[in-house]
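# Structure at a glance
The lines below spell out each chain.
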Amino acid sequence: MGLKDILISLDSALDTKKGRAAKQAKAIDALVAKLVIKEAKYKAKLELPATDRETQKLERKIKVCQAQILKGRAAADELRLETD
Amino acid sequence: MIKRIVLPAILAVLAFGFWISPDFKEIAAGVAIFLFGMIFLEDGFRAFTGGVLEKLLAKTTNKLWKAISFGIASTTVMQSSSLVSVITISFLSSGLIGLAAGIGIIFGANLGTTTGAWLIAGFGLKVKISAYAMPMLVFGVILVFQKSRNLKGIGYVLAGLGLLFLGIHYMKEGFEAFRETIDLTQFAVGGYAGLFLFAAIGIAATVIMQSSHATLVIIITALSVGQITYENALALAIGANVGTTITAIIGAMSANHQGKRLAGAHLIFNLITGLIAIAFIWQIIWAVDWISATVGIANDNYTLKLAVFHTIFNLIGVIVMAPFVGTLVSFLERALPAPAVSIVETQFLNDSVKDFPETLLSAVRNEVFHLYDNAYRIIAHGINVHRQTIESDVILEDELKSNKEIIRENVSQEYTRSIKSLHSAIIDFSGNANLKLNADYAGHLYDLRRASQRIVQAVKDVEHLQKNIDHFGTSKNKAIRNEYNNIRINVARILRLFEQLRNNDPDVDVFDLDDNKLSAKEGRNATLRNIDTMIRKGQISAQMATSLMNDLSYSKSIINDLTRAAKILMSERNTDLMEGQNIIGLEDEDIASLSETDAA
């Protein structure tokens, strides 16, 4: 564990502004990772034969997932800038 | 009437005692300081834990042995089985843990409280503890005046411990001086009569002081200076164990039926344990002597032997009673039946959950779910859909388009009966509680109030929607009937998603609420784009179009309100994850821009 990691852990433990940002960024990363899996699942389903209604539904779900992932990544990056 | 007599009588007896004996005054002052220390200690732990204790409690009580271990550990650390009992009652009342887990904690707390006897007998009487008390008091008081909640809590704990030690010191001094003037051993009573008499005195002393610890300290200090006999001290300790249940009983008075059941379990456990101890007193004394000899406790060290006795008889109680926890739960459920569930009265909001932030949030959350249950029925019936349909796997589009049944639900009347008063109670309760919470908890509570408000608003909007749903949803005009069926389908979808999330359906998560919102918005936009064409083709009249536009707006509000409420109620309890979900979740403008992309 490097000095920076130790300092981040200490910041988190003391719940300072930086530590809080680091914890939040980590939480967002975890949620984004789940959304990426979800998106891949929908994309795989889209490859299978389906009715127009089902295809439309899956395409919409993928679109929503992608928007959420983008928002999450942007927010996590911004939070990480605060910790640097 | 009794209260009016008892308090002046106690004060008069004490005043008389102080007048005739300065030693008695010292002992009484010691007890008072000790009890004051207990109050400080409890306040300190309440402030210091700030929810940590409750979080731990919720996580570690899924098995009986874990619940018992938690009871032992928390009572050992806090030195107050009363505080652990009261927290457990509040947990039960708020619905965070079950009765069996609560009983396990109480069993453990009974064992944990025996560590107090060890501390007093092994450490308190041998060391000049007043030397430790003074610095603790000084450091404690300095910390109490700090702004930080944690430092303040530590200050209360330190000051509490300092006062406990100081109280023990005064009691010890008082009894030592007392010995020179009066010999209490002359009142010693032998045999079973003595056992029952002194057990009754132990019960009375603990009920008055509401602390078995205080009684135990008096017993041990009196025993250490030879003011009572060893056998009578054992009986007093048994009585103190039974008397301590009074705190739980008082705590349960403001709790719901579950809290009362737990207090009942506590009383039954301590009574049975006490009876076992009295019935097998000679065998237990033999066991105490044997254990004491084995671990090297001197034969005449009666104070430590009392600690051994206290531990043994509580351990026997736990061993005897643990296999019957299930039977005890069934008995208590029969003896103290749950009141009939009222849809119009609050189920979880009561005074016993107010003191601890986690239980308070859990109780308010459960009450908002209770409100939602009522709202769910009204909204579903308001759009002529049965809840079974929503909770089934049927395709809503197919089912709702073919079903023309009208469910006669008086939404306005139901709103007044089962929504308005519950919502008012939630607002009133959380408004009063909010003053005591730190910013994080106050924020969570504020969100729950908003969820409640959104649910209420959704019911109000259904009231506006219902008349036209009944009218146009069964119309012979296919075009308008289809449009109103689409409104029903979209509202039914959010109700279904809400239920799936609530039941932890693995196929959905809170992010699906955004997808549902987008789907509803796209449907609404398609209808709005099509309205002019329908009027031009003569499929619907201008009046129908106006109604449809108004009702699309109501359906949008219902979906948005229920989506917001679901996000609050179903979000993660972990603050960081919850905030993450809020950040990632799509706002109205995000949904609008996704919808525009699609239309383009």
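These numbers come from a predicted model, not from an experiment.

Let us now look at the overall build of chain B. From N to C terminus, chain B includes 27 helices and zero strands. Counting every position in chain B, which comprises 600 residues, the buried fraction comes to 48%. Long-range contacts, defined as pairs at least 24 residues apart, comprise 80% of the intrachain contacts of chain B with a sequence gap of at least 6.

The next subject is the overall build of chain A. The helix and strand tally for chain A stands at three helices and zero strands. Along the chain direction, N to C, the helices and strands of chain A fall in the order α-α-α. The proportion of buried residues among the 84 residues of chain A is 23%. Looking at chain A alone, contacts between residues at least 24 apart form 62% of all its contacts between residues at least 6 apart.

All names here are of chain B. Of all hydrophobic cores here, the largest spans 116 residues; its most connected members are A375, I379 and V459. Per element, the largest residue contribution to this core is 12 residues, and it comes from helix α18 (residues 357-382). Each of domain 1 (2-335) and domain 2 (351-599) contributes no fewer than three residues to this core. Setting aside its immediate chain neighbours within four residues, A375 contacts I419, I455, A458 and V459. With 63 residues, the next largest nonpolar core counts M38, M136, F198 and L236 among its residues.

A word on helix α26 (residues 575-584) of chain B. Residues of α26 of chain B that are buried: G580, Q581 and I584 of chain B. The arc that holds every buried residue of α26 of chain B, seen down its axis, measures 100°, which confines them to one face.

Contacts between chain A and chain B engage 15 residues on the former and 15 residues on the latter. When contributions to the side of chain A that touches chain B are tallied by element, the ones reaching two or more residues are α2 (17-47) and α3 (52-83) of chain A. For the side of chain A that touches chain B, the leading source of residues is α3 of chain A, giving nine residues. Here the residues of the side of chain A that touches chain B sort into seven nonpolar, three polar and five charged.

Residues and elements named next belong to chain B. Residue position: Q500 is located in helix α23 (residues 478-502). A sequence separation of 109 residues divides Q500 from E391, and the C-alpha atoms of the two residues are 8.1 Å apart. Those residues in contact with Q500, other than ones at most four positions away along the chain, are D505 and V508.

Residue and element names in this part refer to chain B. Here helix α21 (residues 411-433) is 23 residues long and its end C-alpha atoms lie 31 Å apart, about the 33 Å a rise of 1.5 Å per residue gives. I419 marks where α21 bends most, by close to 35°. Burial in α21 covers these residues: V411, E414, Y415, S418, I419, L422, H423, I426, F429, S430 and A433. Of the surrounding secondary structure, the elements contacted by the buried residues of α21 are α18 and α22 (439-473).

Let's shift gears to the confidence of the model for chain A. As a general rule, the predicted coordinates of low-pLDDT regions are not to be interpreted in detail. Overall, the predicted model of chain A reaches an average pLDDT of 84, with 79% of residues at or above 70. When mean pLDDT is compared element by element in chain A, α3 of chain A scores highest at 91, while helix α1 (residues 3-14) of chain A scores lowest at 58.

Here we take up the packing of helix α6 (residues 99-112) of chain B against helix α16 (residues 302-321) of chain B. All names here are of chain B. At a closest axis distance of 9 Å, the pairing of α6 and α16 adopts a crossing angle of 160°. As far as their axial angle goes, α16 and α6 are roughly antiparallel. Both α6 and α16 take part in a crossing whose hand is left-handed. Seen from α6, the contacting residues are F107, N110 and L111; seen from α16, they are N314, L315, G317, V318 and M321. A per-class count over the contact of α6 with α16 returns five nonpolar, three polar and no charged.

The subject of this paragraph is unusual backbone geometry. All names here are of chain B. Non-glycine residue N384 carries a positive phi angle of around 60°. One non-glycine residue, N504, adopts positive backbone phi at about 55°. Topologically, N504 is positioned in the loop between α23 and α24 (512-536). Of the residues examined, N504 has 9 C-beta atoms within 10 Å and is grouped as exposed.

Along the polypeptide, F429 of chain B turns up in helix α21. Apart from residues no more than four positions distant in its own chain, F429 of chain B is found in contact with L349 and V364 of chain B.

Thresholds, definitions, all that
- Residues numbered from 1 in each chain as written.
- Chains lettered and ligands numbered in written order.
- Predicted model: local features only at pLDDT ≥ 70, side-chain atom pairs only at ≥ 80, totals over all residues.
- Helix = DSSP H or I, 4+ residues; strand = E, 2+ residues; numbered from the N terminus.
- Buried ≥ 20, exposed ≤ 12 C-beta atoms within 10 Å, placed from the backbone.
- Contact = placed C-beta atoms within 7 Å.
- Core = buried A, V, L, I, M, F, W, Y, C linked by C-beta atoms within 7 Å.
- Domains from an automatic or database assignment.
- Arc of directions from axis to C-beta.
- Nonpolar A, V, L, I, M, F, W, Y, C, P; charged D, E, K, R; others polar.
- Expected span 1.5 Å × (residues − 1).
- Bend = angle between axes of the 7 residues up to and from the residue.
- pLDDT = per-residue confidence, 0-100.
- Axes fitted to C-alpha atoms, helices over the stretch in contact; angles between N-to-C directions.
- Parallel < 35°, antiparallel > 145°, perpendicular 65-115°, else oblique.
- Left-handed = near helix turned anticlockwise from the far one by under 90°.

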